[in-house]
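Now for the letters of each chain:
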Amino acid sequence: MSKQINVALIGNPNTGKTSVFNALTGLNQKVGNYPGITVDKKQGICKLPRGVKAHIIDLPGTYSLNASSLDENVVIELLLNKNDKDFPDVAVVVTDVENLKRNLLLFTQIKDLEIPTILVINMSDRMAYKGISLDIAHLEEQLKTKIALISTRKNTGISELKELITNYKALSTEPCMNAASIDKDYFTALQKAFPNQLLYKLWLVITQDVNFGKTNRQTIEAVSDFKTKSKADLKRLQQKETIKRYQFINNVLKKGRTIDLASAKDLRIRLDRILTHKVWGYLIFGLILLLIFQAIYDWAQVPMEFIDGAFASLSNWTKNVLPDGAFTDLIAEGVIPGLGGIVIFIPQIAFLFLFIAILEESGYMSRVVFLMDRIMRRFGLSGKSVVPLISGTACAIPAVMATRNIESWKERLITILVTPFTTCSARLPVYLIIIALVIPEGRFLGLSYQALTLMLLYLIGFGAAVGSAYVLSKVLKIKSRSFLVIEMPNYKLPLFKNVAITVIEKTKTFVFEAGKIILAISIVLWFLASYGPGEQFNNAETIVQQANPNLTEEVLNDRVAEHKLEHSYIGIIGKSIEPVIQPLGYDWKIGIGLVTSFAAREVFVGTLATIYSIGSATEIDDEDEAMSTIKNRMAEEVYSDGSKVFTLSSGISLLLFYAFAMQCMSTLAIVKRETNSWKWPIYQLVIMTGIAYFIALTAFQILK
Amino acid sequence: MTLADLKRGQQGIITDVSSSHIPLKLLEMGCLPGNTVELVQVAPFADPMYLNINGSHLAIRKETAVHILIEFEDE
Ligand SMILES: Nc1nc2c(ncn2[C@@H]2O[C@H](COP(=O)(O)OP(=O)(O)O)[C@@H](O)[C@H]2O)c(=O)[nH]1
Ligand SMILES: [Mg+2]
């Protein structure tokens, strides 16, 4: 196999890196993580002319090589480490023709690292519209590079870009401006101390905390005849560097680019007058939110019911086709319902990502941040916390990951800690079955009590998130200067291909990540419910028969199954926690549900289904019937004194418990990864569940 | 005067930025002495502020804006 060319796509956010990446690789890509951190690492393969292949990485967007976030660090660490297996043979710097000046800042820095570099000027379709014309030959000469003028929207220039990548060896590695001109004395001394190192690389190592190879800041500081500067001095030098670079770029562009303002049109101003308006802006944002909820909770129902039905018939079909026995039971009652429990969330998750992708792609999301920042700051959050909080209504996992672009660590941490309070779609099945069970039918002002209860639960979730953010902002003693700098990109019609790829990739990740856990739990659960220690379990039939000699066969089977469940492993676990949950109004069967749904909330309903269907030997064929059967069985559940288990008070207590409790292992795992310590997820677990217990207890004791 | 004193639609020229109070990222996005800045839009309570600095559109908080000195363009 011939060697692949390593290509790194680098550029400011919103310049079209991902679009270029998609144009080069198509669906021939995969998303992974950088080791140790959860920054998406997108890589793919691109076929070049003459049988050459390129391995392409889409790096996170960055404004410069001075990193201020996790995402940006990835870029520097790769570019400074020649031994990294992904170290680029050629860097492709993607720029937006409308923001060329700002985009070129990063380009000049990368040129200083003496890596072969191609300059892609994207969005050429906008040039006529904006009255921009370019002198490509002049720019190539001044910037010492090759330029590909492309449009991923109109699909032009891509083959020229591929040609340039193939011939990357012909590219110049000469810097286009002289880094030493930032501060002559300082840089001369630096070069003298380290004659074999690249000057700009040294400068980057001094100014930030990145690791590369053997040289790091300590070794530079350890060289005695070289004096390092104070932090403030360094920052002043960085500012000077930025000014120098802009001077250079302005000079280049003076001849290389002309803008005919008379023919330029601007949609932005007209749109922003409405979309960021003090009144209309919020109104429109509210309407968009309503639309998203409508999609997630209404439109998604159609495919969800279909999936639900399909898995139920699959389970029945398996039972009929496979020979009777433990293995068939495991497949039909453990694995298939477990898988169904994951797949059922795909429509909601896909809808959510669809909307988020469209809002991001169109440039609207930045306006949301602008509108919401001030309000969110009151509660110790940032405008950028809005996206995670909205995502949280589908699932906390992608929501926690969406906090990465929040600059201030404190605001980011608080967002991560409170996001799991928002009502995620996994709580929905629990809410629905319990509401149907305990909230009476009837209407108030035309709205059913049941719908009102559901709405109230959403408000409680959001209120808990915002309220606890406020408390955390007062309690957490973290020094981190809070600031907000956000680009307001041009409005754009989203590219269908980009949106589709985002939805597919994110949904896939969710299904596999969360899926693994849910599947494992449902298998374990099935085992624990189907086996038990000792006589009581193994000789259940004889024991029940001896105690009640005159039962009909059907009732007898029911009793046996129930007796078995009570003495199975899971029954023993449920019984052992009963004293703790009794004050909340729950019996041991609910206790089992609480324990298993610690892994993921939606497991609760599945568990009750398993428990009550194991408890009932009656055959269930039809899916609707199955659901109402579970409901009926739950409604019929009584304590030994004949009083009902599911009453208004115990039901509300259960609803409130689920509203507050941290019942999701995957979220804890992701919080651990994002905060890099077990401390925060453990706090989260203890505090949230503590609040849940207390509130559920209070509610039950008052209502009882 | 500082950037925070601009009214919507007004323009000024940046004269000085106090680098110890301003994130480097903001400088890199073009917020440098000599550049013209226009206040495009403000959120309620004039915070955050939506700016156009030499063609770069961005939003910053008022508490950052007070560290950026400006003067009106000579007409
Ligand atoms: N008009 C136009 N828009 C484009 C082009 N390429 C990308 N875009 C849009 O620019 C925005 C940012 O693109 P994206 O690839 O996500 O940029 P990234 O943040 O650099 O990865 C999206 O809304 C794209 O649809 C192009 O060639 N022309
Ligand atoms: Mg991207």
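Along chain B, the regular secondary structure elements total 2 helices and 5 strands. Taken from N to C terminus, the helices and strands of chain B fall in the order β-α-β-β-β-α-β. For chain B, the C-alpha radius of gyration of 11 Å lies close to 11 Å, the compact-globule estimate for 75 residues. Each principal axis of the C-alpha atoms in chain B carries an extent, and together these give about 30 × 25 × 20 Å. Each of the 75 residues in chain B was classed as buried or not, and the buried ones make up 56%. The contacts of chain B with a sequence gap of at least 6 include a subset with a gap of at least 24, amounting to 56%. Surface accessibility of chain B: about 2900 Å² in total, with carbon and sulfur atoms responsible for 48%. Taking the average location of the 5 positive side-chain charges in chain B and that of its 10 negative ones, the two points are 12 Å from each other.

What follows is about unusual backbone geometry. P48 of chain B follows D47 of chain B through a cis peptide bond whose omega is -5°. The phi dihedral of M123 of chain A falls on the positive side, at around 65°, and the residue is not glycine. Looking at the secondary structure, you find M123 of chain A in the loop between β6 (117–122) and α4 (127–130). The phi dihedral of F45 of chain B is positive, around 65°, even though this residue is not glycine.

This next bit is on the packing of aromatic side chains. All names here are of chain A. Following the criterion strictly, the structure yields 11 aromatic pairs over all chains and no others. Residues F187 and W203 carry aromatic rings whose centres are separated by 5.3 Å and whose planes lie at 55° to one another, so their mutual orientation is tilted. Of this pair, F187 sits in helix α7 (residues 184–193) while W203 sits in helix α8 (residues 199–207), placing them 16 residues apart in sequence. For F187, a relative accessible area of 1% corresponds to the buried category. Judged by relative accessible area, W203 falls into the buried class, the value being 0%. Plain terms: the ring middles of Y586 and F657 are 6.5 Å apart, the flat faces sit at 80° to each other, and that makes the pair edge-to-face. Here the residue Y586 occupies a position in the loop between α26 (569–581) and α27 (588–596), and F657 occupies one in helix α30 (residues 648–660), the gap between them amounting to 71 residues. The buried category is assigned to Y586, whose relative accessible area is 0%.

Here we take up the interface of chain A and chain B. Contacts between the two partners involve 39 residues from chain A, matched on the other side by 33 residues from chain B. Here chain A packs against chain B, burying approximately 3300 Å² in sum over the two surfaces, 56% of which is carbon and sulfur. Looking at the side of chain A facing chain B, the largest losses of area belong to Q239, F370 and V485 of chain A, adding up to 19% of the total buried there. There are 5 salt bridges connecting chain A and chain B. Here D47 of chain B ties to R377 of chain A by a salt bridge, and the two come within 2.8 Å at their closest N and O atoms. At the surface where chain A touches chain B, the tally comes to 16 residue pairs in polar contact (both at pLDDT 80 or more). Residues of the side of chain A that touches chain B, tallied by class, amount to 11 nonpolar, 12 polar and 16 charged.

Take the site of ligand 1 next. Residues and elements named next belong to chain A. In the vicinity of ligand 1 lie 18 residues, with K17, T18, S19, T152 and E361 positioned nearest. In this structure, an oxygen atom belonging to ligand 1 sits 2.6 Å away from a side-chain N or O atom of S19. At 2.6 Å, a backbone N or O of E361 approaches an oxygen atom of ligand 1. Isolated, ligand 1 exposes 580 Å² of accessible area, and the fraction of that covered by the protein chains is 91%. At 3 residues, the largest contribution of residues to the shell around ligand 1 is made by helix α1 (residues 17–25). Residues that form the shell around ligand 1 fall into these classes: 3 nonpolar, 9 polar and 6 charged.

Before going further, it helps to spend a moment on the environment of G157 of chain A. Residue and element names in this part refer to chain A. Relative to the elements of secondary structure, G157 occurs in the loop between β8 (146–149) and α6 (158–166). The class for G157 is buried, based on a relative accessible area of 14%. With 36 residues separating them along the chain, G157 and I121 place their C-alpha atoms 9.8 Å apart. Leaving out residues up to four positions away in the same chain, G157 has contacts with L149 and I150.

To continue, consider empty space enclosed by the protein. All names here are of chain A. In the structure shown here, the tally under the stated rule is 4 cavities of 30 Å³ or more. Roughly 50 Å³ of volume is contained in the second largest cavity. In this structure, the second largest cavity is lined by P13, N14, T15, D96, N99, R102, E487, P489, N490 and K492. Of the residues belonging to the lining of the second largest cavity, the class tally is 2 nonpolar, 4 polar and 4 charged.

Below, the discussion takes up the domain arrangement of chain A. All names here are of chain A. Under the domain assignment, chain A is made up of domain 1 (4–170), domain 2 (179–263) and domain 3 (514–703). Of the residues lining the interface, 31 residues belong to domain 1; the matching set on domain 2 comes to 28 residues. In total, about 2700 Å² of surface goes out of reach between domain 1 and domain 2, with carbon and sulfur atoms giving 59% of it. Joining domain 1 to domain 2, the criterion identifies 1 salt bridge. For R245, the salt bridge goes to D112, with nearest N and O atoms at 2.9 Å. Linking domain 1 with domain 2 are 8 residue pairs in polar contact (both at pLDDT 80 or more), by the criterion used here. Of all the secondary-structure elements, those providing two or more residues to the side of domain 1 that touches domain 2 are α2 (70–80), α3 (100–112), α4, β7 (132–134) and α5 (136–143). Residue contributions to the side of domain 1 that touches domain 2 peak at 8 residues, all from α3. Each residue belonging to the side of domain 1 that touches domain 2 can be placed in one class, and the counts come to 14 nonpolar, 9 polar and 8 charged.

Glancing now at the packing of α8 of chain A against helix α10 (residues 231–256) of chain A. Residue and element names in this part refer to chain A. In contact at an axis separation of 11 Å, α8 and α10 are set at 135° when each is read in the N-to-C sense. Here α10 runs oblique to α8, going by the angle between their axes. Considering how the two elements wind past one another, α8 and α10 form a crossing that is left-handed. Seen from α8, the contacting residues are Y200, W203, I206 and T207; seen from α10, they are L234, L237, Q238, E241 and R245. Within the contact of α8 with α10, the residues separate by chemical class into 5 nonpolar, 2 polar and 2 charged.

The next subject is the pattern of salt bridges. All names here are of chain A. In the structure shown here, the tally under the stated rule is 18 salt bridges over all chains. A salt bridge links R412 to E674; its shortest N-O distance comes to 2.7 Å. Of this pair, R412 sits in helix α19 (residues 409–418) while E674 sits in helix α31 (residues 665–675); the two residues are 262 residues apart in sequence, bridging distant segments of the chain. A relative accessible area of 6% places E674 in the buried class. The partner of E566 in a salt bridge is K575, and the shortest N-O contact between them spans 3.1 Å.

By secondary structure assignment, the location of R601 of chain A is in the loop between α27 and α28 (603–615). Dropping the residues within four chain positions of it, R601 of chain A is found in contact with P420, C424, A426, R427, V430, Y658, A661, M662, Q663 and C664 of chain A.

Let us now look at the sheet that holds strand β2 (residues 36–42) of chain B. One open sheet accounts for 6 strands, arranged β12(A)-β4(B)-β3(B)-β2(B)-β1(B)-β5(B); its pairing is antiparallel. Looking at strand neighbours, the two that pair on one side only are β12 (485–487) of chain A together with β5 (68–71) of chain B, the edges of this open sheet. Direction aside, neighbouring strands of the sheet carry axes that sit 40° apart on average. Alignment of β2 of chain B against strand β3 (residues 49–53) of chain B, held across 5 bridges, turns out to be antiparallel. Directly across from V37 of chain B, in β3 of chain B, lies its bridge partner I53 of chain B.

Thresholds, definitions, all that
Residues numbered from 1 in each chain as written. Chains lettered and ligands numbered in written order. Predicted model: local features only at pLDDT ≥ 70, side-chain atom pairs only at ≥ 80, totals over all residues. Heavy atoms only, no water. Helix = DSSP H or I, 4+ residues; strand = E, 2+ residues; numbered from the N terminus. Rg over C-alpha atoms; globule rule 2.2 N^0.38 Å. Buried < 20%, exposed > 50% of the residue type's maximum accessible area, 1.4 Å probe, protein only. Contact = heavy atoms within 4.5 Å. Areas by Shrake-Rupley, 256 points an atom, 1.4 Å probe, with all protein chains shown as cover. Lys, Arg positive; Asp, Glu negative; His and termini not counted. Charge placed at Lys NZ, Arg CZ, Asp CG, Glu CD. Phe/Tyr/Trp six-rings, centres within 6.5 Å; stacked < 30°, edge-to-face > 60°. Buried area = accessible area lost by both parts, 1.4 Å probe. Salt bridge = Lys/Arg side-chain N within 4 Å of Asp/Glu carboxyl O. Polar contact = N/O pair within 3.5 Å; in protein donor to acceptor, adjacent residues only side chain to side chain. Nonpolar A, V, L, I, M, F, W, Y, C, P; charged D, E, K, R; others polar. Near = heavy atom within 4 Å. 1 Å grid on protein atoms, 1.4 Å probe; cavity = no way out; pocket = protein on both sides within 12 Å on 5 of 7 lines; lining within 4 Å. Points joined across faces, edges and corners; volume = space filled by probe spheres on them. Domains from an automatic or database assignment. Axes fitted to C-alpha atoms, helices over the stretch in contact; angles between N-to-C directions. Parallel < 35°, antiparallel > 145°, perpendicular 65-115°, else oblique. Left-handed = near helix turned anticlockwise from the far one by under 90°. Pairing = 2+ DSSP bridges.

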